[in-house]
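# Breakdown of the fold
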Amino acid sequence: MVKNFVQELQWRGMVHDIMPGAEEHLMEEMQAAYVGIDPTADSLHIGHLVSVMMLRHFQLAGHKPFALVGGATGMIGDPSGKSAERNLLDEKTLRHNQEALKSQLARFLDFESDEENAAVLVNNYDWMKDFSFLDFIRDVGKHITVNYMMAKDSVKKRLSSDAKEGMSFTEFTYQLVQGYDFLYLYQNHNCTLQMGGSDQWGNITTGTELIRRIGGGKGFALTCPLITKADGTKFGKTEGGNVWLDAERTSPYKFYQYWLNTSDGDAEKYIKIFTFLSKEEIEDLVAKHKDEPHLRALQKRLAEEITTKVHSKADLENAIKASNILFGKSTSEDLKELDEKTFLDVFEGVPQAKISIDEVSAGLDMIGALAAKTGFLASNGEARRELKQNSISVNKQKVKEDFLITTADLINNKFVLLQRGKKSYFVLVVS
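The protein is annotated in an unreviewed UniProt entry as Tyrosine--tRNA ligase of Flagellimonas aquimarina. Listed under Catalytic activity (unreviewed entry) in UniProt, the entry text for the protein is "tRNA(Tyr) + L-tyrosine + ATP = L-tyrosyl-tRNA(Tyr) + AMP + diphosphate + H(+)". The UniProt entry for the protein carries the following text under Sequence similarities (unreviewed entry): "Belongs to the class-I aminoacyl-tRNA synthetase family. TyrS type 1 subfamily."

### A few points about unusual backbone geometry
The phi dihedral of asparagine 190 is positive, around 55°, even though this residue is not glycine. Structurally, asparagine 190 can be placed in the loop between helix H10 (174–189) and strand E5 (191–197). At lysine 396, a residue that is not glycine, the phi angle is positive and equals roughly 75°. In this structure, lysine 396 sits in the loop between strand E11 (392–394) and strand E12 (397–398).

### Considering the packing of helix H12 (residues 252–260) against helix H15 (residues 297–310)
In contact at an axis separation of 8 Å, H12 and H15 are set at 145° when each is read in the N-to-C sense. Helix-helix and strand crossings are classified by hand; for H12 and H15 the assignment is right-handed. Residue-level inspection shows Pro252, Phe255, Tyr256, Trp259 and Leu260 of H12 in contact with H15, the latter providing Gln299, Lys300, Leu302, Ala303, Glu304, Ile306, Thr307 and Val310. In the contact of H12 with H15, the residues fall into nine nonpolar, two polar and two charged.

### Considerations on the packing of aromatic side chains
Two aromatic rings are characterised by how far apart their centres lie and by the angle between their planes. Across all of its chains, the model carries 20 aromatic pairs by this definition. For the ring pair phenylalanine 136 and tyrosine 180, a centre distance of 6.2 Å and an interplane angle of 80° mean the geometry is edge-to-face. Highlighted residues: phenylalanine 136 in helix H6 (residues 133–139) and tyrosine 180 in helix H10, separated in sequence by 44 residues. The same class applies to phenylalanine 136 as to tyrosine 180, namely buried. The structure contains a cluster of three or more aromatic residues connected by ring pairs, namely Phe235, Phe255, Tyr258, Trp259, Tyr270 and Phe274. Over the ring of tyrosine 148 we find arginine 213; its NZ or CZ atom is 5.8 Å from the centre of that ring. Above the plane of the ring of phenylalanine 108 lies lysine 309, whose end atom (NZ or CZ) is 5.9 Å from the centre.

### Side note on the UniProt feature "binding site: ATP" (unreviewed entry) in the protein
Within this numbering scheme, the UniProt entry marks Lys237 as carrying the feature "binding site: ATP" (unreviewed entry). Residue lysine 237 is classed as partly exposed on the basis of its relative accessible area of 31%. Beyond its immediate chain neighbours, meaning those up to four positions away, lysine 237 contacts Asn242 and Tyr258.

### Let's talk about the side chain of aspartate 345
Looking at the secondary structure, you find aspartate 345 in helix H18 (residues 340–346). Judged by its relative accessible area of 12%, aspartate 345 is buried. Those residues in contact with aspartate 345 that lie beyond four places of it in its chain are Ser251, Tyr253 and Lys254.

### A closer look at a negative patch on the surface
Residues Asp110, Glu112, Asp114, Glu115 and Glu116 make up a contiguous surface patch of negative charge. As for its placement among the helices and strands, aspartate 114 is situated in the loop between helix H4 (91–105) and strand E4 (120–123). Judged by relative accessible area, which is 80%, aspartate 114 ranks as exposed.

### Some points on the side chain of serine 393
Note on placement: serine 393 falls in strand E11. According to the relative accessible area criterion, serine 393 is buried, its value standing at 5%.

What counts, and at which threshold
Counting starts from 1 at the beginning of each chain's written sequence and moves along it residue by residue. Only residues with pLDDT of at least 70 get local features here, since the model is predicted, and only at 80 or more are side-chain atom pairs given and counted; chain-wide, interface and lining totals rely on the full set of residues. The basis for every side-chain value is the complete set of heavy atoms in the structure, and neither hydrogens nor water enter the calculation. UniProt positions are given in the numbering used here, feature names are shortened, and annotations may be inferred rather than shown by experiment. Where helices and strands are cited, they refer to DSSP runs of H or I of at least four residues and of E of at least two residues respectively, numbered from the N terminus. Inter-axis angles, ranging from 0 to 180 degrees, are taken between N-to-C directions of lines fitted to C-alpha atoms, where helices are fitted over the stretch in contact. Crossings are classed by handedness, with left-handed meaning an anticlockwise turn of the near helix from the far one by less than a right angle and right-handed meaning a clockwise turn. What makes two residues a contact is simply this: any of their non-hydrogen atoms within 4.5 Å. Side-chain classes are defined by residue name, with Ala, Val, Leu, Ile, Met, Phe, Trp, Tyr, Cys and Pro counting as nonpolar, Asp, Glu, Lys and Arg as charged, and the others, Gly among them, as polar. What counts as a ring pair is set by centres within 6.5 Å for rings of Phe, Tyr and Trp (its six-membered ring), and what kind of pair is set by the plane angle: stacked under 30 degrees, edge-to-face over 60, tilted for all other angles. Relative accessible area decides the class of each residue, using a 1.4 Å probe on protein chains only: under 20% of the type maximum gives buried, over 50% gives exposed, and in between gives partly exposed. We call a charge positioned above a ring when the Lys NZ or Arg CZ atom is no farther than 6 Å from the ring centre and deviates by at most 35 degrees from the ring normal. A patch is a set of surface residues, each over 30% in relative accessible area and not in a salt bridge, joined within 9 Å for like charges and within 5 Å for the nonpolar side chains Val, Leu, Ile, Met, Phe, Trp and Tyr. Using the Shrake-Rupley algorithm and a 1.4 Å probe, accessible areas are obtained, with residue cover drawn only from the displayed protein chains. A side-chain nitrogen of Lys or Arg and a carboxyl oxygen of Asp or Glu constitute a salt bridge if their distance falls within 4 Å. The sign given to each residue is positive for Lys and Arg and negative for Asp and Glu; His and the chain ends receive no count. The atom standing in for a charge is NZ when the residue is Lys, CZ when it is Arg, CG when it is Asp and CD when it is Glu.

The structure is reproduced here in structure tokens:
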């Protein structure tokens, strides 16, 4: 028994365009659908997550999801995206990236199920690598007119007088290659639906046209809105670049912080898209948030749900603990539990000074630590005044002038955290 997948996406605000008849088609019986993913990196970023969530909802509704790694198309460059063409990947890199992406996708999609609707990962490189140019233009190209291809918005934008650069033939053929993917999956896996971002509509409908003209069948298209932020800045980007799912590229702490810092309006939108909470749960959360917005219940639940899904419960707890170090009550024990990467992420941008391990081993006095040897405070006199006023902490513990910093105070055998008052921090890097 299949559930109404389209209805589920609609209340979550995840439908931009849908081909007529798609909803009825999906209610008939279990169907197969796919989403294409660019394999030019060995990690997904949160911009990929919307289409991954669509695939997961598709599987939860009783259908069979295909995740297509675009090993062939990833080498070309999509005209609906950035203007620059992509780099050619060698096969070894491509396979490495594919395996890395599959392990991330497995946190959302069930590839191992014995059920008929287990998820499948495919790579279009596997069926494109031996397809000769002559065979392609004869078997595929002749079925689509140049007029049809030129009419696509993604092509028109690139060929308009406003465009800074023209479009290469390689990029122009992109929609044919992507369209052929849909035809291939239709013919070999009975895949009748392609999903993607709204900017992919033109490429997807080229696929449905090939299915009609070559396969003599019916394919469907469904796109989701491109995710935006209320303040106009790009979703999924920070000053440091993309927000990645790989913990080595974006630490769980930074990942958690990204979602925690969303605006009220964005949080209300994102919690529907990026979590699997029910309509009732979300409506309750939204109502509570409107009553007490200062508690940021929406942002907290959003950040908790998605950090746990992408990373783990333990990573979430560590991220919350790390967040509390700056914004809540925490102890020196909490600080010492942070790994080096998370410590540096938490105190990113905080002024630092280098101190030799010999000085710390001998016992570093507080005047030296605060002023003479670091410049955290302007003078020895100011350091003495602040110590007398009980406003100085070492690793979150208040200290007096007679305190000596030793190797026992080192965090990760490398750092000491100094603090004046509540918000003024300074990091000693000991080496």
